[in-house]
Amino acid sequence: MNAGPNAPLGAPGGGVGEMSYVYAVGREGPALDGLAARLPGVDGRPLRPVGGGGLCALVSGVPSDTFGEQGLTAQMEDLDRLESVARAHHAVVDAAFAETSVLPMRLATVYLDDARVADMLVRQRSEFRELLGRLEGHVELGVKVYADPRTAAAPAPATVAPSGAGAGRAYLRRRQAEQRDSQDTYRTASELASRAARLAEGVAASRAVHRPQQGQLASRPGVNVTNEAYLVPREHTEQLRRELSALAEDVPGVAVEVTGPWAPYSFATAVTAEGADGGDPR
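Source: prediction; values computed, not measured.

**Q** Got a sec to walk through the overall build of the protein chain? Specific residues and values, please.
**A** Helices and strands together make up the secondary structure of the protein chain, namely nine helices and eight strands. The long-range fraction of contacts in the protein chain, counting pairs at least 24 apart against all pairs at least 6 apart in sequence, stands at 81%. Of the roughly 14600 Å² of accessible surface on the protein chain, a fraction of 51% belongs to carbon and sulfur atoms.

Following this line, the structure appears as structure tokens:
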């Protein structure tokens, strides 16, 4: 933690033994005030608005023993608990984004008290205001390209299996054909990913390149070749979705997955909430 052991807990708006969990930052006004009055946060804790520098943070109290540095580390290693916290966090961000432009904070951004949240807003107000202006009227679309050579090649015709040396040669030919099919599929996927990028960049204000997803993180079979996000004007969202989704039609072994529209996580969390006291597991 950044604060010393004698730092005060339980500032106004919180309670004794509580820290302040920050979900999102937007401009001060009735939209976020009204949302805070009706929406729960992590573990069903009530939200509250915390203002500073003409900005407003959506905040809830969380126990300091579980959201301090050591407790937070333990929670983030528990996948079920991590999912619960993430779902609550994103529910608040998505509801806020539906009302007004907001900057999503990274998962488990916590401060010792509301006073430190307000101070953070004042210190970073120029950066936050500039970013809010840039994100106004935009949404995030995610674009993933997958290659799955197993679905690309037509099944080989049934034949009588050779024996002896002939069986070995047939096996090698079959393996070589499979390798060629696999290489062709990955080449096609890479070319299609480049086409998707050119298409999206024609209307997107910004692009973020993420690490391809693997294993359980991948949302479909095959290999995730590219994983990107685009900041898109709202009025172009549906047209771009249709054009991107159509790229892989009738392309064996290659798929394009378009997700969103989302709150602009990939373009807002580049701003670090300075001085957060519980670490950031991302």
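**Q** An account of helix 1 (residues 30-38) is requested, with residue identities and associated values reported.
**A** Those residues of helix 1 lying buried are Leu32, Leu35 and Ala36. Each buried residue of helix 1 lies within a common arc of 100° when the element is viewed along its axis, so the set occupies one face. Pointing more than 90 degrees away from the buried face of helix 1 are the exposed residues Pro30, Ala37 and Arg38. Buried residues belonging to helix 1 abut strand 1 (18-27), strand 2 (47-52), strand 3 (55-63), helix 4 (79-99) and strand 4 (102-111).

**Q** Outline the pairing of strand 7 (residues 223-233), listing residues and values.
**A** Strand 7 sits mainly inside the fold: nine of its eleven residues count as buried. As defined by bridge partners, strand 5 (residues 138-147) adjoins strand 7 across ten bridges and the pair is classed as antiparallel. When the bridges of strand 7 are listed, Lys144 appears paired with Asn227. For strand 6 (residues 206-210) and strand 7, the ladder comprises five bridges, and the chain directions are antiparallel. Paired with Arg207 across the strands is Tyr230, a residue of strand 7.

**Q** Explain the pattern of salt bridges to me, using residue names and the numbers behind them.
**A** Summed over the entire model, instances satisfying the criterion amount to 13 salt bridges. Note that Arg48 is salt-bridged to Asp114, the shortest N-O span being 2.8 Å. With Arg48 in strand 2 and Asp114 in helix 5 (residues 114-123), the pair connects residues that are 66 residues apart, well separated along the chain. In this structure, Arg48 and Asp114 share a single accessibility class: buried. A salt bridge links Glu83 to Arg87; its shortest N-O distance comes to 3.0 Å. Placement of the pair is Glu83 and Arg87 together in helix 4, with a separation of four residues, close to one helical turn.

**Q** Mind laying out the nonpolar core, listing which residues take part and the relevant values?
**A** Ranked by internal contacts, the top residues of the largest apolar core, which has 30 residues, are Tyr21, Tyr23, Leu32, Val42, Leu58 and Phe67. At the level of elements, strand 1, helix 1, strand 3, helix 3 (69-76), helix 4 and strand 4 are the ones that each hand at least two residues to this core. Ranked by the residues each element gives to this core, the list is headed by helix 4, at seven residues. Core analysis: the next-biggest nonpolar cluster, separate from the first, contains 22 residues, Ala57, Val59, Met105 and Val117 among them.

**Q** So what's going on with unusual backbone geometry? Which residues, and what values?
**A** Residues Gly260 and Pro261 are joined by a peptide bond in cis, for which omega reads 10°. Along the chain, Pro261 falls in strand 8 (residues 254-262). Within the chain, Asp43 stands out as a residue other than glycine whose phi angle is a positive 60°. Assignment of secondary structure puts Asp43 in the loop between helix 1 and strand 2. Here the phi dihedral of Ala108 falls at roughly 60°; this positive angle occurs in a residue that is not glycine. Position of Ala108 among the secondary structure elements: in strand 4.

What counts, and at which threshold
- Residues numbered from 1 in each chain as written.
- Predicted model: local features only at pLDDT ≥ 70, side-chain atom pairs only at ≥ 80, totals over all residues.
- Heavy atoms only, no water.
- Helix = DSSP H or I, 4+ residues; strand = E, 2+ residues; numbered from the N terminus.
- Contact = heavy atoms within 4.5 Å.
- Areas by Shrake-Rupley, 256 points an atom, 1.4 Å probe, with all protein chains shown as cover.
- Buried < 20%, exposed > 50% of the residue type's maximum accessible area, 1.4 Å probe, protein only.
- Arc of directions from axis to C-beta.
- Pairing = 2+ DSSP bridges.
- Salt bridge = Lys/Arg side-chain N within 4 Å of Asp/Glu carboxyl O.
- Core = buried A, V, L, I, M, F, W, Y, C linked by side-chain atoms within 4.5 Å.

The quantities given are spatial measurements derived from coordinates; they are silent on function.
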